[in-house]
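# Summary of the model geometry
Each chain, written out:
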Amino acid sequence: AFSAICYYILNSVCALYFGIPLLNLATSMIGLIFLTLPGKDKIIKKFFFIILTTGLGFGCDILVYSIVNHPGYLLSMGILSNFILYLLELATEIFFVNKNKSDIEQREWLFLCLVPIGSIIMLFILDIDKNRSQELCLLCSSICLCINIIIFHFYDALSSYYDQLFIAQQNEVQLKLYENKIVASEMAEKRMNSFRHDLNNHLSMIKQMALQENNENIVSFLDNVIISAFKDEQPVYTKH
């Protein structure tokens, strides 16, 4: 936020008070450098971002000024140029960055775009009105800026809240699955302990019979154990 404020103040002051194109270009690129400093990307990626943003800005300016080409509407042309640049950025974000966003999120963004569009229309009407005062234009511009910042700030806060809520729900589902897995493991352990206990008793009985040389009883006892312990309880086995 501090870098963005510095970029805005530096670029705006130089553009309003000096109006030298090369100076505007220099201050814009310096401001973009400050914006990229907090990032953890490589220097070549930051340089590419600065060149790409500056090139897109130039392209939008040339497009608007070549179509309108009226010295009395410099403010409107600047607003329109920045709006086209914003649309390009938004399209890039939708098609290349946020492909995995849901339809609900994309629909909300389309509705949110109506806020800056309405601000632009209002400022354009003020700009073409010859009877309006500079103070009124400045006041309306400041109010529009505050409204846009507040609305998008609340949208970001709500998006963050619902993202955290969704993550919490996912964690609850994972905990439930983990709980079921633990319960299944406990039941399997209990069955194994029961099997060990029964097997120990069976082996003790066989040992006693073997000491008494009672072979017929041993064979009969083993038959009963095999039938009770290894019988197939599945009437149909599909091999799936």
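Here the residue numbering is sequential within each chain, running from 1 through the sequence in written order. For a predicted model such as this one, the threshold for reporting local features is a pLDDT of at least 70, and the threshold for listing and counting side-chain atom pairs is 80 or more; totals across whole chains, interfaces and linings nevertheless cover every residue. Note that water and hydrogens are dropped before the side-chain values are worked out from all heavy atoms of the structure.

## Some thoughts on the side chain of S81
To qualify as a helix, a DSSP run of H or I must reach at least 4 residues; to qualify as a strand, a run of E must reach at least 2; elements of each kind are numbered from the N terminus. Relative to the helices and strands, S81 resides in helix α4 (residues 74-97). In this structure the side chain of S81 is engaged in a polar contact, spanning 2.3 Å, whose partner is the side chain of D61. Beyond its immediate stretch of four places on either side in the chain, S81 contacts G57, C60, D61 and V64. The definition of a polar contact used here is a pair of N or O atoms within 3.5 Å, where within protein one atom must be able to donate a hydrogen and the other to accept one, and adjacent residues in sequence count solely through side-chain atom pairs. Residue contacts follow a heavy-atom distance rule, with two residues in contact if any of their heavy atoms lie within 4.5 Å.

## Some points on the side chain of T36
When you line up the elements, T36 lands in helix α2 (residues 21-36). Among the residues examined, T36 registers a relative accessible area of 11% and is labelled buried. For T36, the side chain forms a polar contact with the main-chain oxygen of I33, separated by 2.9 Å. Sequence-distant contacts of T36, defined by excluding residues within four places in its chain, comprise K46, F49 and I50. Summary of the burial criterion: residues with accessible area below 20% of their type's maximum are buried, those above 50% are exposed, and those between are partly exposed, where the area comes from a 1.4 Å probe applied to protein chains only.

## Regarding the pattern of salt bridges
Every case where a carboxyl oxygen of Asp or Glu lies within 4 Å of a side-chain nitrogen of Lys or Arg is listed as a salt bridge. Applying the stated criterion to the full structure yields two salt bridges. Of the charged contacts in the structure, one is a salt bridge between K45 and D41, with a shortest N-O distance of 3.7 Å. Residue class for D41 comes out partly exposed when judged on its relative accessible area of 44%. A salt bridge links K176 to E179; its shortest N-O distance comes to 4.0 Å. A residue pair is termed a helical-turn pair when its members lie 3 or 4 positions apart in one helix, as K176 and E179 do in helix α7 (residues 134-211) at three residues.

## Remarks on the nonpolar core
Think of a nonpolar core as a cluster: buried Ala, Val, Leu, Ile, Met, Phe, Trp, Tyr and Cys residues, connected wherever their side-chain atoms sit within 4.5 Å. Counting six residues, the largest nonpolar core consists of L90, W109, L112, C113, F152 and Y155. Residues in contact with L112, not counting those within four places in the same chain, are I151, F152 and Y155.

## Brief notes about the packing of helix α6 (residues 114-128) against α7
Axes, fitted as lines to C-alpha atoms, cover a helix only where it is in contact. Angles between the N-to-C directions of the axes lie from 0 to 180 degrees. Relative orientation of the contacting elements α6 and α7 amounts to 180 degrees, with a least axis distance of 10 Å. Judged by the inter-axis angle, α6 sits roughly antiparallel to α7. Every residue of α7 that contacts α6 at V115, P116, S119, M122, L123 and L126 is listed here: L136, C137, C140, S141, C144, N148, I151 and F152. Charged residues are taken to be Asp, Glu, Lys and Arg, nonpolar residues to be Ala, Val, Leu, Ile, Met, Phe, Trp, Tyr, Cys and Pro, and polar residues to be all remaining types, Gly included. Its residues assigned to classes, the contact of α6 with α7 comprises eleven nonpolar, three polar and no charged. Should an angle fall under 35 degrees it is called roughly parallel, over 145 degrees roughly antiparallel, and 65 to 115 degrees roughly perpendicular, with every other angle called oblique.

## Considering α7
Taking 1.5 Å per residue as the helical rise, α7 with its 78 residues ought to reach 116 Å, and the 114 Å between its terminal C-alpha atoms agrees with that figure. Once α7 ends, the next one or two residues include E213, with phi positive near 55 degrees. In this analysis, the expected span of each helix is defined as 1.5 Å times one less than the number of residues it contains.

## A look at the packing of α2 against helix α3 (residues 43-67)
Where α2 meets α3, the axes come as close as 10 Å, and the angle between the chain directions of the two elements is 140 degrees. By the angle between their axes, α2 is oblique relative to α3. The handedness of the crossing between α2 and α3 comes out as right-handed. Along its contact with α2, which presents L25, M29, L32, I33 and T36, the element α3 presents K46, F49, I50, I51, T53, T54 and F58. Should the near helix be turned counterclockwise from the far one by less than a right angle, the crossing is left-handed, whereas a clockwise turn marks it as right-handed.

## Notes on a nonpolar patch on the surface
Only residues whose relative accessible area exceeds 30% and that take part in no salt bridge are eligible for patches, with like-charged residues grouped when within 9 Å of each other and nonpolar side chains (Val, Leu, Ile, Met, Phe, Trp, Tyr) grouped when within 5 Å. Note on areas: Shrake-Rupley, 1.4 Å probe, and residue coverage restricted to the protein chains presented here. A cluster of nonpolar side chains, namely I5, Y8, I9, V13, L16, Y17, F18, I20, L22, L145 and I149, defines an oily patch on the protein surface of about 1300 Å² accessible area. A per-element tally of the nonpolar patch places helix α1 (residues 2-17) first, with six residues. Within the secondary structure layout, Y17 lies in helix α1. Classification of Y17 as exposed rests on a relative accessible area of 67%.

Geometric descriptors of this kind do not, in isolation, establish any biological role.
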